[in-house]
Amino acid sequence: MPLTLRRSDLLLSANPIAGQWCGAAGGRRFDVTDPASGAVIARVPDGGLVDAIAAVDAAHAAFPAWRATPAKQRAQILKRWNDLILAHQDDLGRLISREQGKPLAEGRGEVAYAASYVEWFAEEATRAYGDVIPAPVAGRRMLAVREPVGVIAAITPWNFPAAMIARKIAPALAAGCTVVAKPAEDTPLTSLALARLAEEAGVPAGVLNLVTASRERAAEVVDVWLADARVRKLTFTGSTPVGRHLARASADTLKKLSLELGGNAPFIVFEDADLDAAVAGLMVSKFRNGGQTCVCPNRIYVHEAVHDAFVDKLCAQVAALQVGPASDPASQIGPMINARAVEKIERHVRDALARGARIATGGARLPQLGGNYFQPTVLTDVTAGMECACEETFGPVAPVTRFSDEAAVVAEANGTPYGLASYFYTRDARRIWRVAEALESGLVGINEGALAAEAAPFGGIKASGYGREGSRYGLEEYMHIKYLCQGGLD
Ligand code: ADP
């Protein structure tokens, strides 16, 4: 089915650098495909070293004027960007669905979610206060002021093509930073459309520069930014191995870093939980975007007293999920992003079955729909050593483990290098505080499966990285504190 947009000029195949829409040096391009069918949607620039340098040159040149632009004016530009994103919610939702595969309703939902960060940081831009510090000696005045760090580099993943870009670029622009960004190779089209709308909102030339690149050239682009001392901060969402590499490689230029890396979220259902609420929470947190989010529950622990009842209720809902292409309004689960993703899901299921797990529902590919579809699945009798309990499956598979003891299940939940999200359901107030404080993760859902919000700090601990996005803390990531001391005033 052809991709039809109300504004066809939002389907872009050029990169915004220094206010010009350019091809890659040498004219290289790569294909962006529909994960549902493999059909080519567009061919975008395959950027490399030359483009990466041009982007930093532009961002560096634009920084002094953008930094000097009053916060209120930057806020007004961001508010216009927010309005334009919402005005084009349908087109952007279609682009997201087509290149990423999430159902159209979820694509539109992501646009609203992305816009909420732009609006939030438009408001925060005018509130980047400092402090007046009481001087310990006479004749001095002491202040702490916040300043933008400078040029920032943003590297984003494919699972939220709009929200990941918005969550990084909006606070950077609010703070007075300028940006070079490389969107994920699977989903560059949404970010190009967002950049076009940013330009229309009044973001000046050179303030926001994008370089699209294929998987093969991603490192060439990012290596330039890692080595360039003019890039003062790197913000990355993606896998832990790539995050570690970026942290090591930015050591020479001592960049400020935020790394939002992989998770392995536990979801614990205690014996006193409201089971219907727990099932509803799991459905929303596990099966959103086909299970392809870094906060998706990856290990589900259910108390033995309620295990069978919980699994029955869960299976009834999972088996009823409609799987199909994002373009079909009835679809609730779309295709996985690519063949690599489906192979990993299949490997996890195979490994679990070989080690004693059982399929309660689902468990296989859906070849009649196309190569990248997998049935929504519930596994039971899952144990700690299985691959699906150690690594993020990133697919519509819910592996359930039975438990009997609170302290033991909390220890097992924490028995992972990762620490992004965790969830639990209970009605016991004392247990709520005990467990919430004991869980080792940056986000904790207590009787709640949908955590993310622009007003809340999002980010992990341990191997899930550091730094926070959203909330008032999200702005601080793009600023440093300067201490001003004036003497001789007595
Ligand atoms: P995933 O496996 O979900 O694609 P990645 O961490 O590999 O997660 O990718 C996230 C982002 O990091 C993408 O924009 C990708 O192009 C980029 N990326 C992947 N490998 C590298 C690398 N070696 N150097 C810099 N960026 C990379």
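This is a predicted model, so every value here is computed, not measured.

Visitor: Give a description of the overall build of the chain that names residues and reports values.
Guide: What the chain contains, in helices and strands, is 15 helices and 22 strands. Its C-alpha atoms give the chain principal-axis dimensions of about 75 × 60 × 40 Å. Taking all 490 residues of the chain together, 57% fall into the buried category. Put simply, 72% of the contacts in the chain that link residues at least 6 apart link residues at least 24 apart. Counting every atom, the chain has about 19,000 Å² of accessible surface; 54% of that belongs to carbon and sulfur. Averaging the locations of the 51 positively and 54 negatively charged side chains of the chain gives two centres separated by 4 Å.

Visitor: Describe the site of the ligand, with residues and values.
Guide: Near the ligand, the surroundings consist of 15 residues, among which Thr156, Lys182, Glu185, Arg215 and Ser239 are the closest. With respect to the ligand, the side chain of Trp158 contributes an N or O atom lying 3.2 Å from an oxygen atom. One nitrogen or oxygen atom from the side chain of Glu185 is found 2.6 Å from an oxygen atom belonging to the ligand. For the ligand, the protein covers 83% of the area, taking 550 Å² as the surface of the free molecule. Counting residues per element, the shell around the ligand draws most heavily on helix H7 (residues 215–227), at four residues. Broken down by class, the residue content of the shell around the ligand amounts to eight nonpolar, four polar and three charged.

Visitor: Give a description of the nonpolar core that names residues and reports values.
Guide: Counting 62 residues, the largest nonpolar core has Trp81, Ile85, Ile152, Ile169, Leu173, Val179 and Leu208 as the members making the most contacts within it. Not counting residues within four places of it along the chain, the set of residues in contact with Leu173 comprises Trp66, Arg74, Leu78, Val179, Val203 and Val207. Core analysis: the second largest hydrophobic core is formed by 35 residues, Ala36, Phe287, Phe310 and Ile333 among them.

Visitor: Let's hear about the sheet that holds strand S9 (residues 208–210): which residues, and what values?
Guide: The mixed open sheet is built from six strands, whose spatial order is S9-S8-S7-S10-S11-S21. Two strands bound the open sheet, and with one partner strand each, they are S9 and strand S21 (465–466). Bridge count between strand S7 (residues 151–155) and strand S8 (residues 178–182): five bridges; the pairing is parallel. Looking across to S8, one finds that Ile155 is bridged to Lys182. Against the sheet, helix H1 (residues 49–68) contacts S7, S8, S9 and strand S10 (231–237), and its axis sits at roughly 155° relative to S8.

Visitor: Explain the packing of aromatic side chains to me, and be specific about the residues and the numbers.
Guide: All chains considered together, the criterion is met by six aromatic pairs. Each ring, one from Trp158 and one from Phe394, has its centre 5.8 Å from the other, and the planes form 85°; the classification is edge-to-face. With Trp158 in the loop between S7 and helix H5 (163–175) and Phe394 in the loop between helix H12 (387–390) and strand S16 (397–403), this residue pair connects regions lying 236 residues apart in the sequence. Of the two residues examined, Trp158 and Phe394, each falls in the buried class. Taken together through their ring pairs, the aromatic side chains of Phe267, Tyr423 and Tyr425 make up a single cluster. The aromatic ring of Phe458 is capped on one face by Arg167, whose charged end is 4.1 Å from the ring centroid. Across from the ring centre of Tyr478, 4.9 Å away, lies the NZ or CZ of Lys233, which sits over that ring.

Visitor: I'd love a proper account of the pairing of strand S11 (residues 256–260), names of residues and values included.
Guide: For S11, the buried fraction is high: four of the five residues fall into the buried class. The pairing of S10 with S11 spans five bridges and is parallel. Directly across from Leu234, in S11, lies its bridge partner Leu257. Crossover connection from S10 via helix H8 (residues 240–249) to parallel S11: handedness right-handed. Inspection of the sheet shows S11 paired to S21 by two bridges, in the antiparallel sense. Bridge pairing in S21 links Leu259 to Tyr466.

Visitor: Explain unusual backbone geometry residue by residue, including any values.
Guide: Phi is positive for Asn289, which is not a glycine, with a value near 55°. By the secondary structure assignment, Asn289 is in the loop between helix H9 (275–287) and strand S13 (297–303). Of note, Asp381 is a non-glycine position whose phi angle comes to about 60°, a positive value. For Asp381, a relative accessible area of 31% puts it in the partly exposed group.

Visitor: So, the sheet that holds strand S15 (residues 377–380): which residues are in play, and what are the values?
Guide: Pairing is mixed in the open sheet, where seven strands are placed in the order S14-S15-S16-S13-S12-S18-S19. Of all the strands in the sheet, the pair left with one neighbour each is strand S14 (358–361) and strand S19 (443–446). Strand-to-strand twist in this sheet, taken as the mean axis angle between neighbours without regard to direction, amounts to 25°. In terms of strand pairing, S13 meets S16 through four bridges, oriented parallel. Counted as the bridge partner of Ile300 is Val400 from S16.

Visitor: Outline helix H11 (residues 339–354), listing residues and values.
Guide: Over its 16 residues, H11 runs 22 Å from end to end, which matches the ideal 22 Å to within 8%, given 1.5 Å per residue. The inward-facing, buried residues of H11 contact S15, H12 and S16. The positive-phi residue at the C-terminal boundary of H11 is Gly356, with phi of around 110°.

Visitor: How would you explain helix H3 (residues 89–100) if you had to name every residue and give the values?
Guide: Compared with the 16 Å implied by 1.5 Å per residue over 12 residues, the 16 Å span of H3 between its first and last C-alpha is a close match. Burial of H3 is extensive: 10 of the 12 residues sit out of reach of the surface. Every buried residue belonging to H3 is among Asp90, Asp91, Leu92, Gly93, Leu95, Ile96, Ser97, Arg98, Glu99 and Gln100, and all of these are buried. In the stretch just after H3, Gly101 is the one whose phi turns positive, near 100°.

Reading the values: rules and limits
Residues numbered from 1 in each chain as written. Predicted model: local features only at pLDDT ≥ 70, side-chain atom pairs only at ≥ 80, totals over all residues. Heavy atoms only, no water. Helix = DSSP H or I, 4+ residues; strand = E, 2+ residues; numbered from the N terminus. Buried < 20%, exposed > 50% of the residue type's maximum accessible area, 1.4 Å probe, protein only. Contact = heavy atoms within 4.5 Å. Areas by Shrake-Rupley, 256 points an atom, 1.4 Å probe, with all protein chains shown as cover. Lys, Arg positive; Asp, Glu negative; His and termini not counted. Charge placed at Lys NZ, Arg CZ, Asp CG, Glu CD. Near = heavy atom within 4 Å. Polar contact = N/O pair within 3.5 Å; in protein donor to acceptor, adjacent residues only side chain to side chain. Nonpolar A, V, L, I, M, F, W, Y, C, P; charged D, E, K, R; others polar. Core = buried A, V, L, I, M, F, W, Y, C linked by side-chain atoms within 4.5 Å. Pairing = 2+ DSSP bridges. Axes fitted to C-alpha atoms, helices over the stretch in contact; angles between N-to-C directions. Phe/Tyr/Trp six-rings, centres within 6.5 Å; stacked < 30°, edge-to-face > 60°. Lys NZ or Arg CZ within 6 Å of the ring centre and 35° of its normal. Right-handed = clockwise from strand over helix to strand, strands pointing away. Expected span 1.5 Å × (residues − 1).

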